Structures are given as structure tokens and as C-alpha cells.
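Overview (structure and organization)
Letter by letter, the chains look like this.
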Amino acid sequence: MYAQMVKSTGEGVKSLDEMEPQERAFQERINADVKIEPKDWMPEGYRKTLVRQISQHAHSEIVGQLPEGNWITRAPTLERKMILLAKVQDEAGHGLYLYCAAETLGVSRDEMTEQLLSGKAKYSSIFNYPTLTWADIGAIGWLVDGAAIMNQVPLQRCSYGPYSRAMIRICKEESFHQRQGYDIMMKLVKGTPEQKEMAQDAINRWWWPSLMMFGPSDTDSVHSAQSMAWGIKQNSNDELRQKFVDQTVPQADYLGLKVPDPDLRWNEERGSYDFGEVDWNEFYEVLKGNGPCNAERMAARRKAWDDGAWFREGLMAHARKKETRIMAAE
Amino acid sequence: MATGKHDQTLFELSLRMGDNALILGQRISAWCGHAPVLEEDIALANVALDLIGQASLWLGFAGEIEGEGRTADNLAFLRADREFRNCLLVEQPNGDFGHTLMRQFLFDAWHLPMLKALTLSSDERVAAIAAKSAKEATYHLERSEDFVIRLGDGSDESHRRMQDALDVLWPFAGELTCADEIDVALADKGLGPDLGAIGAEYKEYMERMLKKATLTADWQAPIRKGGKVGDHSEALGHLLPEMQWLQRSHPGAVW
Ligand SMILES: [Fe+2]
Ligand SMILES: [Fe+2]
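Described in the following lines is the structure provided in the data block. No experiment lies behind these values; they were computed from the predicted model shown.

A few words now on the overall build of chain B. The secondary structure content of chain B amounts to 10 helices and zero strands. Taken from N to C terminus, the helices and strands of chain B fall in the order α-α-α-α-α-α-α-α-α-α. For chain B, the spread of C-alpha atoms along the three principal axes comes to 55 × 40 × 30 Å. A burial count over chain B gives 62% of its 255 residues as buried. Contacts in chain B between residues far apart in sequence, at least 24 positions, make up 82% of those at least 6 positions apart. Computed over 25 positive and 40 negative side-chain charges, the inter-centroid distance for chain B is 1 Å.

So, in C-alpha cells, the structure goes:
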């Protein structure tokens, strides 16, 4: 889940009777599961909420290239290097689809980039953790992409057409991401004692940040209630987190890795795992910019943008020259 | 170095082709997430993927010819600097994005005709790898040619940066088309092309393209070479430890 803390208008959900005819028609379309398209009328709050959510999601894909990109030049085999390159390339592609989806709502990619680089726009907390060993690449694919899929599958049904369609394309690629991560873990746990230790160390460090990806509990949040009424959000954060834990713990068992949560146990009655409380202080600190890698991630993105200014300007200068030449020839 | 009954020249050819692709792929893969625009992050990753894919074919073939059980991974990750056979150009550091594009352009402009010629190799395995790679190289050259022209003939700054890159990298380009005994032996056996002919084509192409890009090459510059026979620049000694580190620090481990 790459958009963890998206605020909607915060005004509370209106009933159909309280709405003006235009808004009522809009809401009825959503209730009837008809997609909203860019040219359709929409409440300003709906547009703003979507822009925030989609751009946060896009930024997360872009910043998300960095922790995994950190290991491309050190991948241990040619095949692993190619798989990782393809995976990171997919994430950049996801960023691109999502920026395009957000642009249909009247915000340009340059504006969104500016918001990311100035620190105004957020991206997922998860990408502010360091990738210290090769096993982290496995853990990211398995846990981080796993959590992302949990969130993105329901988003394929989002009421906004361009976002929903972007999510459908993205989800097709995400399952490959998770599989390659799990496969890395599998090789490690079957490997040397050092490799096994590396794998356990990776789950120790990535487990809790992965659970944070779903965001804090939002059962009482007005923002979430509104997002749900608008068909932007389908499930509560806690629901998705629970689903993720239920799916992932057996996978960890199969790998022979220990989930770093002393409170984790199977609850027969609920048919689900009970698990410990996430350290939400840590989460808010990371979101505020105080995570282990926030500074490095932002510095890397700013450097890429600033160092590339001459390149972008050079291409535009060429296009202008060409245009002048064509005009002169006519 | 492997000796024995296998065809040493064919082995060298595969290493040269494979190492060029591997080292250049390794270099550009470092841009992932750091390129000037998102589309370039994606495009560069594509090129890197193609090149590393090609490297694994060539090196796999080299291991087969050698017949001592070495895989493409063994050759990529467990050979020492002096055993690498890539030309000096591809191991040069990334520099700014202009250097990276210029290095790619100088390489692609040789790589494509070289691969096309190798599709006619008397060894059908060489021809098959070359045919697959040539398709990819066609796209690589289109892309790098387009950028060199647009940025060379772009803003003052982009022109200056591309000219700088050309000044630094041009002396390394000569090695690509400079034949040694191995190239001559390969051509004699019909395994590889006459590098002289490729060199003439390269020169003609460069004159045409650099003019379009409003850039000037120093045709008198002495050629800097040695990589093809294992005499590398210092740059390779920094690239390899990074690339090979995991394999070397966990001998025999499976990944
Ligand atoms: Fe993604
Ligand atoms: Fe992914």
C-alpha cells in the first residue's frame, strides 16, 4: 500500500438526500458501479482525494526504485541481475502509468515531481528503510510487494476509470515481483548457514515496516469513510493488514523463518492470526522524515532531477530549433 | 587462461563479445532510479537488460567451447581483471548522462554492424547469438544516435557536455575496429568479419552523424586500447569487486 495517509475532505459522508442533483447523480453512478471518467463531473473533494492518493502512489513507485536499485550492480548471478533490473524497471513503469492517471485530473507530472522534491508530497514509509544485504531484495519482493498487492487488488475496482485501469495493468506485474522475492528467500534458506542467517535478519528488519504499509487503523476515520463512499477505497487498513498477516505467516513457516512478533499466534475462533501492535511512533517518525533513509532517498531523487536539468533543457532547445527550421523552410 | 583442444580464437571472440555486453550493461544498470527523466530510467534498464542477456549467451557459449564446465556466471563473477576481454570504452565510468549516452553511441555504432557481420559466421551458434543480439542493437543505436544528435545540436550547455564527452571517449573508440591477430585469425576462418571493413563503415557513419550533431571528433587522436587482450584501465578494477563481491565472499553458494 503505497498511499498510507490520504486525507479526503474530512466533512463526513453525505446521504443521497442531502446532495444537490449533480452530486447525487455522481454518487448514484458510483453506487451502480459505473466508472467515473476524466470528463465527467465530480465533486472537488473526490478529485483532490484522488490526486493525493494517485500521486502518493506514483511517488512511492519512483522512490521505490532506490532501495532495490541499490543491489542491481551487486546481484549475485546474471539471472538475478536481469530479474531485478526488470523488476525495478516495472516499478518505474508503474510510476509512469500512475502519473498519467493523475494527469487526467488536471495536475501535471512536473507539478507532482516538484511536490515530491520539495517534501510536500509523501511516499510510502517503507522505502525509507535501508537494503543492507542481498536477502533484503528477497524480503522486499516477498513482503513489500506482497503487501502492495493486498492493497492494489481491490484498487482495480476503484470508481475512477483511469486509476482502476492503471491498477489492472500494475497488478499483472506485481505477482511476478512477489514470486521472485519469495524465490530469493527460498534459495537463501536452502543455502549455507550464512545465507540462512541473512534471510532471518531480513525478515526481522522488514516485517514490521511491511505491516506499517497498510497505515494506522482507520475504522473511525472520516477520511476513510468518505473514500469508501466514493469507491476509492474498498477495505479498512486493519482488514488488509490482517489478510496480509494471514497469508504471509504460513509462507514464513514454509521457509523456516521466524516472524519477529512474540504475540503472534493462531486464533482458532477467528480463523486468523492474532498479532502484536505495530510501533506507530516509529511510523509517524518515518513519515515526518526521520526514518533511516529519508534524507538519502530525497537527496538521490533531487540529484537525479537537478543533474538532469541540462538534458531536459537540451532536448527542448533542439525541438525549438527544429521548429524554427521547419517554419523557415515553409 | 584456458588452453587445450578447444578453438582458442572462438573462445576469445565469445569472451570479447560477452565481456563488452556485460561490462557496459553493468555500467548503465547503475543509472536505474537516477536518470534525468522517468522514461530514461525505463529505457536504460531495457538496454542494460538486453546487454546482460547477450552477455549470458556469449559467456555461456564461451564456457561450452572451453569445455571445462565453467558457466556464464563462473566466467562473469569469478574471473580476475586481467582475464576480461572487453574493450576499454565500455569500462569507462558513467560520468554525467552525456558521457553515458556518448559511450553508448560510440559502442552501439560498432556493435550493430559487428553483430550483423557475425550473423554470417561459419559457426552457426555464433550466428544465432548475433542474430538475436542484432535486433536489440538496432534499437539501441536508434536511441543513442537520436540523443547524440538532439543534445549535440541542442542548447549551448548540452552541446558543450556532448562535445566534452566525445573528447574524453573518442580515443577509446578506435579499439573497437582495430584488428589484432585474433581478429585476423577469426576472419581467415570465416568465424568473424574483416574488422577493417567494419572500421571503414564506422568512420563513414561517424562523420555523417557527428556532423548532424554539430560535434567534432579528433581523428588524429592516438587510439587507447588494450582491453581486448586484458590490459585494462584502472576503472575496471573498481567495477569488478562490486559486481563479483557476493559470489566471491560466499564461495560455492547458490543464489
Ligand atoms: Fe509497483
Ligand atoms: Fe512491485
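That shown, we press on.
Between chain A and chain B, the residue contacts involve 45 residues of the former and 50 residues of the latter. Broken down residue by residue, the surface that chain A buries against chain B is led by Leu78(A), Trp310(A) and Phe311(A), which jointly contribute 20%. Seen at the junction of chain A and chain B, the total is three salt bridges. Taking the shortest distance from any N to any O, the salt bridge between Arg325(A) and Asp153(B) comes out at 2.9 Å.

A few words on the coordination of the iron ion (ligand 1). Residue and element names in this part refer to chain A. Coordination of the iron ion (ligand 1) by the protein is provided by Glu-61 (OE), Glu-61 (OE), Glu-91 (OE), His-94 (ND1) and Glu-174 (OE), with metal-donor distances spanning 2.0 to 2.8 Å. Read N to C, the donor residues that coordinate the iron ion (ligand 1) are spaced as E-x29-E-x2-H-x79-E. A distance of 3.4 Å spans the gap from the iron ion (ligand 1) to the iron ion (ligand 2), which Glu-91 bridges by coordinating each metal. In this pair, Glu-61 sits in helix 2 (residues 44-63) while Glu-174 sits in helix 7 (residues 161-189), placing the two residues 113 residues apart along the sequence. The two residues Glu-61 and Glu-174 agree in class, both being buried.

Here we take up a negative patch on the surface. Residues and elements named next belong to chain A. Together, Glu-103, Asp-110, Glu-111 and Glu-114 line one region of the surface with negative charge. Here the negative patch gets three residues from one element, more than from any other, and that element is helix 5 (residues 109-117). Here Glu-114 is to be found in helix 5.

On to the coordination of the iron ion (ligand 2). Four donors placed tetrahedrally around a metal ideally meet at 109.5 degrees, and six donors placed octahedrally ideally meet at 90 or 180 degrees. Within the protein, the atoms that donate to the iron ion (ligand 2) are Glu91(A) (OE), Asp145(A) (OD), Glu174(A) (OE) and His177(A) (ND1), at distances of 2.0 to 2.2 Å. Mapped onto the polypeptide sequence, the residues donating to the iron ion (ligand 2) form the spacing pattern E-x53-D-x28-E-x2-H.

Backbone geometry places Asp33(A), a non-glycine residue, at a positive phi of 70°. Tracing the backbone through its elements, the reader meets Asp33(A) in the loop between helix 1 (21-31) and helix 2. Asp33(A) sits in the exposed class, given a relative accessible area of 64%. Here the phi dihedral of Thr214(B) falls at roughly 55°; this positive angle occurs in a residue that is not glycine. On the secondary structure map, Thr214(B) appears in the loop between helix 9 (195-212) and helix 10 (236-249). According to the relative accessible area criterion, Thr214(B) is partly exposed, its value standing at 39%.

What follows concerns helix 6 (residues 134-155) of chain A. Residues and elements named next belong to chain A. The end-to-end C-alpha separation of helix 6 is 31 Å, in line with the 32 Å expected for 22 residues at 1.5 Å each. Among the 22 residues in helix 6, 21 count as buried, and that is most of the element. N-cap assignment for helix 6: the residue whose side-chain oxygen lies 3.1 Å from the backbone N of Ala-135 is Thr-133.

Within the structure shown, the criterion is met by 41 salt bridges over all chains. Residues Asp183(A) and Arg80(A) are paired through a salt bridge, measuring 2.9 Å at the closest nitrogen-oxygen approach. Here Asp183(A), found in helix 7, pairs with Arg80(A), found in helix 4 (residues 78-103); they are 103 residues apart in sequence, far enough to count as distant. Taking the relative accessible area as the measure of exposure, Arg80(A) reaches 6% and is therefore buried. The closest approach of N and O atoms between Arg16(B) and Asp183(B), which form a salt bridge, is 3.3 Å. You can see Arg16(B) sitting in helix 1 (residues 8-29) and its partner Asp183(B) sitting in helix 8 (residues 181-188), a full 167 residues away along the chain. An identical accessibility class is assigned to Arg16(B) and Asp183(B); each is buried. Taken together, the shared-partner salt bridges in this structure form one network comprising Asp96(B), Glu157(B), Arg160(B), Arg161(B) and Asp164(B).

About the cut-offs
Residues numbered from 1 in each chain as written. Chains lettered and ligands numbered in written order. Predicted model: local features only at pLDDT ≥ 70, side-chain atom pairs only at ≥ 80, totals over all residues. Heavy atoms only, no water. Helix = DSSP H or I, 4+ residues; strand = E, 2+ residues; numbered from the N terminus. Buried < 20%, exposed > 50% of the residue type's maximum accessible area, 1.4 Å probe, protein only. Contact = heavy atoms within 4.5 Å. Lys, Arg positive; Asp, Glu negative; His and termini not counted. Charge placed at Lys NZ, Arg CZ, Asp CG, Glu CD. Buried area = accessible area lost by both parts, 1.4 Å probe. Salt bridge = Lys/Arg side-chain N within 4 Å of Asp/Glu carboxyl O. Donors = N, O, S within 2.8 Å, 3.2 Å for Na, K, Ca; no water. Patch = residues over 30% accessible without salt bridge, like charges linked within 9 Å, V, L, I, M, F, W, Y side chains within 5 Å. Areas by Shrake-Rupley, 256 points an atom, 1.4 Å probe, with all protein chains shown as cover. Expected span 1.5 Å × (residues − 1). Polar contact = N/O pair within 3.5 Å; in protein donor to acceptor, adjacent residues only side chain to side chain.

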